[in-house]
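This is what each chain is made of:
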Amino acid sequence: MPKRVDHEERRAQIAEALIRVAGRRGLHAVGMRDVAAEAGVSLRLVQYYFETKEKLLFYGLQHLTDRFTARVGARLAAAGPHPGPRTTIEALLLASLPTDEESRTFHLLYSSYALLAVTDEALAAQPFIDKPDAAEDALTGLLCQAQDAGAADPGVDARTEAISLLAMTATMGTSILVGQRTPESAVAVIHHHLDRIFTPPGRPDSRMTG
């Protein structure tokens, strides 16, 4: 009896090969033939599952995002059963900094995909932008939740702060990749801005005591 093929497992195998090759050579230099060789399968099989390079790249990005989500989940699990808004935001931001091989690959490929999509119409047609929007919405919701609970400065605009935190973290991630700053200094900057936004327990609102 022939072995049953798990198509999702095969897709994941090919996506992992894409991530490995792109992590070594850069996303722009990767072709479907390179991915097939890395995965140990035929080019025809890669084309069967993904048809075009753009679809392969987008699936690889989704796969990478799933791995990132798992990293965030592991950080939150380590924080305990009720991590709260600040801890959740820290987990999201710190997991995206390139501090090890996994997060370095995530930052490098995610940034590369965004840049390629600027000039590649077929790549731009893929729903890449949904993910950054989702992160912005998630951080905004967490900041609003903290404000409602009296744990964050009620005077800040949650949406603006969410945009700022994500943009700042992405930029510092690139500066880590090129050796401009250390991961430790980037983490310190993130903590500085979170300290500014979040009201420590027991500290009264300055507007109530001024």
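Before any of the text, the structure's been laid out above.
Conventions we followed
Residues numbered from 1 in each chain as written. Predicted model: local features only at pLDDT ≥ 70, side-chain atom pairs only at ≥ 80, totals over all residues. Heavy atoms only, no water. 1 Å grid on protein atoms, 1.4 Å probe; cavity = no way out; pocket = protein on both sides within 12 Å on 5 of 7 lines; lining within 4 Å. Points joined across faces, edges and corners; volume = space filled by probe spheres on them. Helix = DSSP H or I, 4+ residues; strand = E, 2+ residues; numbered from the N terminus. Nonpolar A, V, L, I, M, F, W, Y, C, P; charged D, E, K, R; others polar. Axes fitted to C-alpha atoms, helices over the stretch in contact; angles between N-to-C directions. Parallel < 35°, antiparallel > 145°, perpendicular 65-115°, else oblique. Left-handed = near helix turned anticlockwise from the far one by under 90°. Contact = heavy atoms within 4.5 Å.

Colleague: Describe empty space enclosed by the protein, with residues and values.
Modeller: Within the structure shown, the criterion is met by one cavity of 30 Å³ or more. Approximately 50 Å³ is the volume attributed to the largest cavity. Counting only elements with at least two residues in the lining of the largest cavity, the list comes to α1 (7–25), α4 (53–79) and α6 (101–119). Broken down by element, the residue count for the lining of the largest cavity peaks at four residues, all from α4. When its residues are assigned to classes, the lining of the largest cavity shows eight nonpolar, one polar and no charged.

Colleague: Run through the packing of α4 against helix α5 (residues 84–96), naming residues and quoting values.
Modeller: Contact geometry of α4 with α5 gives a least axis separation of 9 Å together with a crossing angle of 135°. Taken together, the axis directions place α4 and α5 in an arrangement best described as oblique. Both α4 and α5 take part in a crossing whose hand is right-handed. For the pair α4 and α5, contact is made by Phe68, Arg71, Val72, Arg75, Leu76 and Ala79 and by Thr87, Thr88, Ala91, Leu92, Leu94, Ala95 and Ser96, respectively. A class-by-class count of the residues in the contact of α4 with α5 yields eight nonpolar, three polar and two charged.

Nothing here speaks to function; it is all geometry.
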